[in-house]
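Observations on the model geometry
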Amino acid sequence: MRSSRKEEKLKRVYKSNYRRVLLTEVLPYEVPILLTNEGFYSRSGDKKDEGLLGEILRQGKETHPFIYKIVKSSSSYRTLHLIHPSSQQDFVGFYKTYSSLMCGLTARSEFSLRAPAEVASWYYEPDNTLRDNSIRDEGAEANVDDAMAVQFKYASSFFLYKKYAFLYKFYDSYEFHRLEKKFKKLIKFDISKCFDNISTKRLGEAVKDEIYHKEHFGASNFENKFSKLMESANFGRNDGLVIGPEFSRIFAEIILQNVDKNVLQENLHLQGSYDIRRYVDDYFLFYNDDKVGEHVLDEFQNSLEKVKLYLNESKISRHRAPFLTGITMAKKDIQDIFSALFDTFDESKKGVIPDADVVEGADSHVDQPEERITFIKYFKGPGVVANRLIRDIKAIVRSNKVEFETITGYFFTVIKNKIHEVYGYSAALDENQQENVLKFLLVIIDVTFFVYSMDVRVRSTFLVSQISIICCRIAKLMNPVYGDEIVKKIQDEITFTMKNKRADKVSSGVEVINLLIALREISGGEDLVSAEDISKFVFNDSVEKIKNGNYFQLISVLFYIKNNAGYGNLKTKLKSIIITILKTQRASVYSESSHLLLDLVRCPYLDRAFKARMINCSFQTEFDRRPTSSEVKKEYKAISMHDWFIDWSEAGIKIERLLQKKELKTAYE
């Protein structure tokens, strides 16, 4: 029965539908939950747009990506790129022509752990039924096409990947254990700022050879077209790749596989005395003889330097078998304390039948204690239990000499899976059992938000948001006296985080604005955060002093404040920032401006007059003249017809659905 349910969730995809590139290949993982590209994907691929919209979506031009930073660790940031909509469309045709060749060119290295193998034939689709992505705009001037009410594919990528979608799967694999049996020493190293330093000019040399590439430079072939697209999406730059889209990983993979191949050819005489595995730009060199290990490391260093890439000297680490790192040990210790916590689950209550679909919805990406939750024993003092767990987790981090960010993904995923199991049983619990579920969830929520406070990154926020939403779903199945306490606890923890975590002036704010989106999902129409707190949380300033904001901040805050009267002054500030961006950035060139214009003309929380003003500003910036009244109306009708990049609907399952889609994606590690 279980297997048949799983098969029903696998859906055949049309391989000829290359527009799904817009869903899987062009967006970074680390974007606001609301950003989906689903509306953009649904537009007719052969539709001829005119005027301002036509200029924005005109393909084959150089565009400026929206460049933003996210928190990478407690002391560093990562730069990412959201490329322009027209550049996104450019890659659709490229994938259509060259997807098979891309797979061929990424199958040349036996060292690679993650590379495209073939075009995916299936996608995963949970059972959730989605609702209309409708818009309400003071009388609904926008027309809604009924065909837009579709159920979007949970496609993780355009290609199927070999061998491992996630690096931790390699560590737990039979392959890793075989290597560990054969070799007693390991050197781990990576490339310093790999994507920032890759030159687009290197692709031709990797595909053919340097002489051939120079003789055929400018020819209409794969390598020149791919390089040209990469440069056009990055405003003509040939030094460095746009970071975030999946196609950049593929571009880098082709170049790095050529490096792999060169090192292998140069060291055929050492075959069998070492082995290499590479996951994107992280290398694992296995060996027994120190001379062999150091020689091969030097060979990689020299080969990479030929393409102007350099090892990260500070991160070269040497290990002896068994290859247990501090991170591995920390995860094992966390698993042990979870096992102890979950011993409070009583296996004797066999009469409670879980919802199989809910349990199957748990994340299988991570190993975890195997016991099934059937019933929660009574225990006293959830605050005492939470404090003890927090103490133990801090001790694990300190004793294993690791940072919180190295274990939080594992930590939150195990919790999320267990909460899924609890949800599967919640509808069948009696009064006493519900009281025990309440106590258990209070412990989990306390510990979750403490660990989150130690590692406020994008992926952590996605996972904490999922945990919070699932807990609230459990609460709805319980007696209100218990359910209301769970919901209030979560709301209090999120608002406490917002009030005590000011915006980061360096990062774009994606780490924290997703909490605001999740809170709106949990609280419904209730406004739990004041305008001043939102201002400090997102913009790092009071409402009166806000001067700047970016696309992510603007759309997320608008989604939260809606048309609620208490946020009038804040909305006025947002409108001023929006107009400034549209006046200074041509929407046909700048990704941020184009995304803002298209999404906000569709936004149900801005009035028709302001939308006309946005169109007027963008039109003047683009064409250096004021549009006529009929031109404004025409542009408004064309743009407001459907969603673009943001899902503005208020379907109750929307945020959870979007978070589930994130589980299938790989972050830019």
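To start, this report covers the structure provided alongside it.

Rules and cut-offs
- Residues numbered from 1 in each chain as written.
- Predicted model: local features only at pLDDT ≥ 70, side-chain atom pairs only at ≥ 80, totals over all residues.
- Heavy atoms only, no water.
- Pairing = 2+ DSSP bridges.
- Helix = DSSP H or I, 4+ residues; strand = E, 2+ residues; numbered from the N terminus.
- Axes fitted to C-alpha atoms, helices over the stretch in contact; angles between N-to-C directions.
- Contact = heavy atoms within 4.5 Å.
- Polar contact = N/O pair within 3.5 Å; in protein donor to acceptor, adjacent residues only side chain to side chain.
- Phe/Tyr/Trp six-rings, centres within 6.5 Å; stacked < 30°, edge-to-face > 60°.
- Buried < 20%, exposed > 50% of the residue type's maximum accessible area, 1.4 Å probe, protein only.
- Lys NZ or Arg CZ within 6 Å of the ring centre and 35° of its normal.
- Salt bridge = Lys/Arg side-chain N within 4 Å of Asp/Glu carboxyl O.

**Topic: the sheet that holds strand β7 (residues 185-190)**
Read from one edge to the other, the open sheet built from four strands follows the order β8-β9-β7-β10, with strand pairing classed as antiparallel. The open sheet has two edge strands, β8 (274-279) and β10 (317-320), and neither has a second partner. Sheet twist, expressed as the average angle between the axes of neighbouring strands with direction ignored, equals 20 degrees. Direction of pairing for β7 relative to strand β9 (residues 282-287): antiparallel, over a ladder of six bridges. Bridged to K185 within β9 is Y287. On top of the sheet, helix α12 (residues 246-266) reaches β8 and β9; it is set at about 175 degrees to β8, its chief contact. Set on the sheet, helix α13 (residues 290-305) makes contact with β7, β8, β9 and β10; between it and β9 the angle comes to about 150 degrees.

**Remarks on the side chain of S593**
Inspection of the secondary structure assignment puts S593 in helix α25 (residues 591-602). Here the side chain of S593 touches Q585 through a polar contact of 3.0 Å, landing on its backbone oxygen. With sequence-adjacent residues up to four places away left out, S593 is seen in contact with I581, L582, Q585, R586 and A587.

**Describing the packing of aromatic side chains**
A complete count under the given rule lists 39 aromatic pairs for this structure. For the pair Y164 and F170, a centre-to-centre distance of 5.8 Å together with 50 degrees between the ring planes defines the contact as tilted. Just as Y164 is buried, F170 falls in that class too. A ring pair is formed by F170 and Y171, whose centres lie 6.2 Å apart and whose planes are at 40 degrees; its orientation type is tilted. Owing to a relative accessible area of 0%, F170 belongs among the buried residues under this scheme. Clustering of aromatic rings is evident, with ring pairs tying together Y164, F170, Y171, F176, F284, F286 and F323. R114 extends its terminal NZ or CZ atom over the ring of Y161, reaching a point 4.4 Å from the ring centre.

**Some words on the pattern of salt bridges**
Per the counting criterion, the structure on display carries 28 salt bridges. The salt bridge partner of R43 is D49, with a shortest N-O separation of 3.0 Å. For R43, a relative accessible area of 6% gives the class buried. Residue R586 pairs with E622 through a salt bridge whose shortest N-O separation is 2.9 Å. Pair noted here: R586 is in the loop between α24 (568-584) and α25 and E622 is in helix α26 (residues 608-623), with a separation of 36 residues, a long-range link. Given a relative accessible area of 36%, R586 falls into the partly exposed group.

Nothing here speaks to function; it is all geometry.
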